[in-house]
Amino acid sequence: MKVLEIKNIVKRFGGLVALNAVSFSIKKGEIHALIGPNGAGKTTLFNIINGFLKPDNGEIIYKGRNIVGFRPNRIAKLGIGRTFQIVRVFGHLTALENVLAGFGINVYDNFRAFFEKPVNENYIKKARELLDMCDLSEYYKVKASLLPLGLQRKLEIARALALNPEILLLDEPASGLNDLETEELSNMIKMLNKKGITILFVEHNTHFTVKTAHWITVLDYGVKIAEGIPEEVVKDERVIEAYLGSGSIG
Ligand SMILES: Nc1ncnc2c1ncn2[C@@H]1O[C@H](COP(=O)(O)OP(=O)(O)OP(=O)(O)O)[C@@H](O)[C@H]1O
């Protein structure tokens, strides 16, 4: 069953066609990777799915409706969460406060209210559960800026989970992580997926991608050039050529 359909998406920046009629769909319960050389259009597509950018053409179908034009907050509330290429945890807040902040507009009237209102015990309990799920329980009192990058990425995921997403978009989750952190993150993503969360991630790390994803879609210069199971996609001649041409094999 399709949970998200990307249909004929076109995005231009001036004369540059960043996405040229890209179509593919994400099945419920899968871990789907979106890969491609630098400048292929991956982040642009993420930003379109999340409502940060509006495409020039095409539709994003979620829960039976076209969400193009919806604001990012509305899309997040509908069930599509995300993390960013450059980690965006609140460095001056503790790990627990970061997850509490993730409950966001569902709990607080505005961001200031987060600091002014005493937090309901139930939300603290729920936030501790999310930290626990992301192997962060022992760090709940630690300021986010003091955590190593691998844990900051997990924290960003824990915060995104606060909105109870059906689909989680992860932008280069393994970027900057060492081998051990990368493996832990891969295991965590698989565990979240087993709990029922559909995952779409963008990644340059081929090893991580092949190990983690069930299905891979490949973009090159804004065009979908291949899709399939990891073992087949990495052998696809068009894919190898695209990466060799760019000089950046993951
Ligand atoms: N706001 C913008 N204004 C102009 N051009 C842009 C903008 N955002 C992206 N582009 C261009 O669109 C193309 C696709 O960029 P995008 O960041 O989506 O690629 P990517 O596949 O995510 O690359 P990377 O792997 O390097 O992050 C690139 O040529 C980029 O320079």
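Nothing here was measured: the structure is a model prediction, and the numbers come from that model.

About the thresholds
- Residues numbered from 1 in each chain as written.
- Predicted model: local features only at pLDDT ≥ 70, side-chain atom pairs only at ≥ 80, totals over all residues.
- Heavy atoms only, no water.
- Helix = DSSP H or I, 4+ residues; strand = E, 2+ residues; numbered from the N terminus.
- Rg over C-alpha atoms; globule rule 2.2 N^0.38 Å.
- Buried < 20%, exposed > 50% of the residue type's maximum accessible area, 1.4 Å probe, protein only.
- Contact = heavy atoms within 4.5 Å.
- Areas by Shrake-Rupley, 256 points an atom, 1.4 Å probe, with all protein chains shown as cover.
- Pairing = 2+ DSSP bridges.
- Axes fitted to C-alpha atoms, helices over the stretch in contact; angles between N-to-C directions.
- pLDDT = per-residue confidence, 0-100.
- Near = heavy atom within 4 Å.
- Polar contact = N/O pair within 3.5 Å; in protein donor to acceptor, adjacent residues only side chain to side chain.
- Salt bridge = Lys/Arg side-chain N within 4 Å of Asp/Glu carboxyl O.

Take the overall build of the chain next. If you tally the helices and strands in the chain, you get 10 helices and 10 strands. Relative to the 2.2 N^0.38 estimate, which gives 18 Å for 250 residues, the radius of gyration of the chain is 18 Å and therefore close to what a compact globule would have. Based on the C-alpha atoms only, the size of the chain along its principal axes is roughly 55 × 40 × 35 Å. Among the 250 residues that make up the chain, the fraction classed as buried is 50%. Counting contacts in the chain only where the partners sit at least 6 residues apart, residues at least 24 apart contribute 65% of the total. For the chain, the computed accessible surface area is about 12100 Å², with 51% contributed by carbon and sulfur atoms.

A few words now on the sheet that holds strand β4 (residues 57-62). Read from one edge of the open sheet, four strands run β2-β1-β4-β5, paired in antiparallel fashion. Each edge of the open sheet is held by one strand with a lone partner, namely β2 (16-27) and β5 (65-66). Summarising the sheet, strand β1 (residues 2-13) and β2 pair through eight bridges and their orientation is antiparallel. When the sheet's bridge partners are listed, lysine 2 is paired in β2 with lysine 27. Set on the sheet, helix α1 (residues 42-50) makes contact with β1, β2 and β4; between it and β1 the angle comes to about 120°.

Moving on: the confidence of the model for the chain. Per-residue confidence for the chain gives a mean pLDDT of 90, with 91% of residues at or over 70. The ipTM value of the predicted complex is 0.96, and its pTM value is 0.90.

With that out of the way, let us pick up the environment of asparagine 50. Tracing the sequence through the fold places asparagine 50 in helix α1. Taking the C-alpha atoms as reference, asparagine 50 lies 26 Å from leucine 136; in sequence the two are 86 residues apart. In this view, asparagine 50 contacts Pro72, Ile75, Ile80, Arg82 and Leu169; residues no more than four positions away in its chain are not counted.

Here we take up the site of the ligand. Around the ligand, 14 residues are found, and the nearest of them are Gly39, Lys42, Thr43, Thr44 and His204. A distance of 2.9 Å separates an oxygen atom of the ligand from a polar atom in the backbone of glycine 39. Note that an oxygen atom of the ligand is positioned 3.0 Å from one of the backbone N or O atoms of alanine 40. Burial of the ligand by the surrounding chains reaches 60%, relative to a free accessible area of 640 Å². Secondary-structure elements contributing two or more residues to the shell around the ligand are β2 and α1.

It is worth spelling out the sheet that holds strand β3 (residues 31-35) at this point. Spatial ordering of the open sheet is given by β6-β7-β8-β3-β9-β10, a layout of six strands whose pairing is mixed. Single-partner strands in this sheet number two, and they are β6 (80-83) and β10 (223-228). Pairs of neighbouring strands in the sheet enclose a mean axial angle of 20°, with direction left out of account. Summarising the sheet, strand β7 (residues 167-171) and strand β8 (residues 198-202) pair through five bridges and their orientation is parallel. Bridging from a neighbouring strand, leucine 169 pairs with leucine 200 of β8.

Residue placement: leucine 45 occurs in helix α1. For leucine 45, a relative accessible area of 0% translates into the label buried. Residues leucine 45 and glutamate 184 lie 139 residues apart in sequence; the distance between their C-alpha atoms is 27 Å. Among all residues touching leucine 45, those that are not within four sequence positions of it are Ile6, Ile9, Leu19, Val22, Phe24 and Leu34.

Take the pairing of β7 next. The buried fraction of β7 is high, at five of five residues. Burial along β7 is two-sided: Ile167, Leu169 and Asp171 and Leu168 and Leu170, pointing in opposite directions, are all buried. Here four bridges tie β6 to β7, and the two strands are oriented parallel to one another. Paired with threonine 83 across the two strands is leucine 170, which belongs to β7.

What follows is about the pattern of salt bridges. Counted according to the given criterion, the structure contains nine salt bridges. Two residues, lysine 2 and glutamate 5, come together in a salt bridge whose shortest N-O distance is 3.8 Å. You can call glutamate 5 partly exposed: its relative accessible area is 22%. Here aspartate 236 makes a salt bridge to arginine 238, at a shortest N to O gap of 2.9 Å. Note on aspartate 236: relative accessible area 17%, which makes it buried. Residues joined in a network through salt bridges with shared partners are Lys28, Lys63 and Glu166.

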